Structure formats: structure tokens, C-alpha cells
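# Topology and contacts: notes
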Amino acid sequence: FVLVAPYQALISPQHHKRITARQVVSIENVATADYAFMLPSSIAIATACQLVGIGGAALFSPTFLLVFPLLGCPQLDPVSAVACALITEAFGFSSGLTGYARRRLVDWQIARHELITSIPFALFGALSVETFAADPRLLRTLYCLLMFGLSIQLGTQNVSSCESHKNDIQVIATTALGATLTGLLGVGIGEVLYPRLIAVLPADRAAGTSVAVVTFTTAAAAIVQFVELVQVQGGLQDAIPWSLLSFTVPGVLIGGQVAPLLAGRVFADDDLRRAASFVFGFVGAAFATSLLTNYIENVGIILPTR
């Protein structure tokens, strides 16, 4: 939701008062902040996410919302958050995809099959933000539950008992759900795809194929989001937090190459499956924490005005 939650607040009039009440820090303060810690953080996040075939937004958003305040970093304003996420995501996925593809760890036949469903539904989700995300907390709660469920599934998954990859209603439905969530929240397609792929492919090829699908699916959604932001803001040049991007972009470029290098060489399939279970559970817990923090802040803002 690093991509869409701030973006929704920009285009939805009912959220304007909430943004100003939080006293979001201006881009000038962001430009003077020290974000050096984001270089190793970005490497770790990109490596962890691309090892298990999911989008980096799943871990970057809790970092922006929860870690920045603890370290005294200014909170990104909505436009800056979206611009930073779009640019970081583009570099990170490009690096990861080239790394996996160069090592021939992408099953392009399965990827093309999934993209036929995922791209249209991601576009649908991105174009339907105002309709389906009037209350982002509901979608984030559903995403938390999805992460916890997938974490349990991966932790207890028996490969021999899993169904094969088939073009049936269940497969299409789960892909459509993940892609729609990606359009709405910026995350979802890799999270529903990877557990299914790892049941029929080696873990490194499952991760590479998932990264390929995530790359093109999020790109489709990001184009819609970027166009909408430009229309609303009238340009993004002044809103781009270059001081933050100078650390996140090199970090995700490195992480995107480290993940394919480690996949299948350092970790066995069972190790990656357990790692994915842990990452999914951690992401669910991080999103749940951000939801709770957001609720507490809103209560603190709203109560004095009554």
C-alpha cells in the first residue's frame, strides 16, 4: 500500500483533512534527512523479497511507516511516497528479473500464462481505487489475513500432495485476486503466485517465474498510478525525494542480483519454502502493526476535536 494508500489520499477529497491533520513533513525536510541506513536496508529487503518472488513494497511500506519515525526521519508526504515507490520498484524488479533470466531461472511459458490474467486485473484494480479502496484499512486487513494464511500454508506444505499447475477456475481466481490487490495496494500477485509455483517448480525457478510475473503486473498498475499522479499533481519533479532514492535505488539494484545468485545455490528448496513462510508471516505482522499504529494515531487526532 506504499503505492496506493498515499495516492488514494491525494485523489479522494474525503481524505484531505486527515493528511493535513497528521502534519506531514515537507519535501524540503526530506531532502536534508540522512537516509544512509536505507542502503543496507534496501539490499536486505530486495534480496529477501525476490528470493521468495514477491514485491518489495511488502516490506518497504512498513519500513517507511514504522521505522522512519523511530529513527527520527521525516515522514514522506503522499506524492513523495508514491514517486519514491514507483522509481525504486522499477529499478528493483528490473534488476531481479535480469538476474533470474540470465541464469535461466524463469519459466516463461508459465509466466505468460499468468500474465494473461494478471495484467487486466491489475489494471482493473488500479483504475478502481476510488471505488474499492474508500476504506484502505479494510483492504490492508484482508491483506494481513492473506499473508498469515499463506505463511501457514507454506510452513505446512507437502509438495507431493499439492495440485499441479492447471488452467482451471481456482488458478484463474487466485491470480485475479492477487492482481487486483496489486492494482489496489501495490502488493498481492507474487504472494498468491509463489506458493502455487513452488509446488510444481524448483524453488529458484519458482522465485524467478514469480518475479517475472510481478514485474510486468506491477508495471501495468504503476503506469496507471503514475499517470493519475501527474494529472493530480501537475508534475512530480519537485516531489521526488532524491536523497532517499540515492540509497534505495542502488540497494535494490544490488539486492536484485544477490537473490538470483543465492537461490538454488546457498539454500535448498525446503529452506526457501520455510524462509518464504517466515517472510509472509513477518509481512502480515508488519502490516497488522502499521494498521494498529494508524488507528492509534487517528484516535489521538480525532478525539481532541470532539
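As a reminder, the structure under discussion sits directly above these lines.
Counted by the stated rule, this structure contains 3 aromatic pairs. Between Phe37 and Phe68, the aromatic rings sit 5.8 Å apart at their centres with planes inclined by 75°, giving edge-to-face as the arrangement. Remark: Phe68 occurs in helix H5 (residues 57-70) and Phe37 occurs in the loop between helix H3 (27-32) and helix H4 (38-51); sequence separation between them is 31 residues. Summarising the aromatic geometry, the rings of Phe278 and Phe282 are spaced 6.3 Å apart at their centres and angled 25° between planes, so their arrangement reads as stacked. Of this pair, Phe278 and Phe282 are both found in helix H14 (residues 269-302), 4 residues apart, which corresponds to roughly one turn of the helix.

In this section: the environment of Leu197. Along the chain, Leu197 falls in helix H11 (residues 189-197). Given a relative accessible area of 0%, Leu197 falls into the buried group. For the pair Leu197 and Gly53, spaced 144 residues apart in sequence, the C-alpha to C-alpha distance is 9.8 Å.

Let us now look at helix H10 (residues 169-185). The end-to-end C-alpha separation of H10 is 24 Å, in line with the 24 Å expected for 17 residues at 1.5 Å each. All buried positions along H10 are accounted for by Val171, Thr175, Ala176, Gly178, Ala179, Thr180, Leu181, Thr182, Gly183, Leu184 and Leu185. Phi turns positive one or two residues past the end of H10, at Gly186, with a value near 90°.

Counted under the stated rule, the structure contains 2 salt bridges. Here Arg205 makes a salt bridge to Asp107, at a shortest N to O gap of 3.9 Å. Taken together, the residues span a long stretch of sequence, with Arg205 in helix H12 (residues 203-233) and Asp107 in the loop between helix H6 (78-102) and helix H7 (108-127) at a distance of 98 residues. Given the relative accessible area of 24%, Arg205 is considered partly exposed. Note on Asp107: relative accessible area 16%, which makes it buried. Between Arg196 and Glu114 there is a salt bridge, with its nearest N and O atoms 2.7 Å apart. On the criterion of sequence distance, the pair formed by Arg196 in helix H11 and Glu114 in helix H7 is long-range, its members being 82 residues apart.

You can see Glu191 is positioned in helix H11. The residues contacting Glu191, other than those within four sequence positions of it, are Ile54, Ala58, Tyr143, Met147, Leu150 and Phe280.

A few words on the packing of H10 against H11. At their nearest, the axes of H10 and H11 sit 7 Å apart, and the two run at 150° to each other. When the axis of H10 is compared with that of H11, the two are roughly antiparallel. On the side of H10, the interface is formed by Val171, Thr174, Thr175, Gly178, Ala179 and Thr182, while H11 contributes Ile189, Val192 and Arg196. Of the residues assigned to the contact of H10 with H11, the class counts are 4 nonpolar, 4 polar and 1 charged.

This part takes up the side chain of Asp107. Separated by 3.2 Å, the side chain of Asp107 and the backbone nitrogen of Gln109 make a polar contact. What Asp107 contacts, discounting residues up to four positions off in sequence, is Leu201, Arg205 and Thr209.

Attention now goes to the environment of Arg103. Looking at the element boundaries, Arg103 is found in the loop between H6 and H7. In this structure, the C-alpha to C-alpha distance between Arg103 and Leu261, residues 158 residues apart in sequence, is 8.6 Å. The contact partners of Arg103, leaving out residues within four places of it in the chain, are Gln257, Pro260 and Leu261. Reaching out from Arg103, the side chain makes a polar contact with the backbone oxygen of Gly99 at a distance of 3.0 Å.

So, how was this worked out
- Residues numbered from 1 in each chain as written.
- Predicted model: local features only at pLDDT ≥ 70, side-chain atom pairs only at ≥ 80, totals over all residues.
- Heavy atoms only, no water.
- Phe/Tyr/Trp six-rings, centres within 6.5 Å; stacked < 30°, edge-to-face > 60°.
- Helix = DSSP H or I, 4+ residues; strand = E, 2+ residues; numbered from the N terminus.
- Buried < 20%, exposed > 50% of the residue type's maximum accessible area, 1.4 Å probe, protein only.
- Expected span 1.5 Å × (residues − 1).
- Salt bridge = Lys/Arg side-chain N within 4 Å of Asp/Glu carboxyl O.
- Contact = heavy atoms within 4.5 Å.
- Axes fitted to C-alpha atoms, helices over the stretch in contact; angles between N-to-C directions.
- Parallel < 35°, antiparallel > 145°, perpendicular 65-115°, else oblique.
- Nonpolar A, V, L, I, M, F, W, Y, C, P; charged D, E, K, R; others polar.
- Polar contact = N/O pair within 3.5 Å; in protein donor to acceptor, adjacent residues only side chain to side chain.

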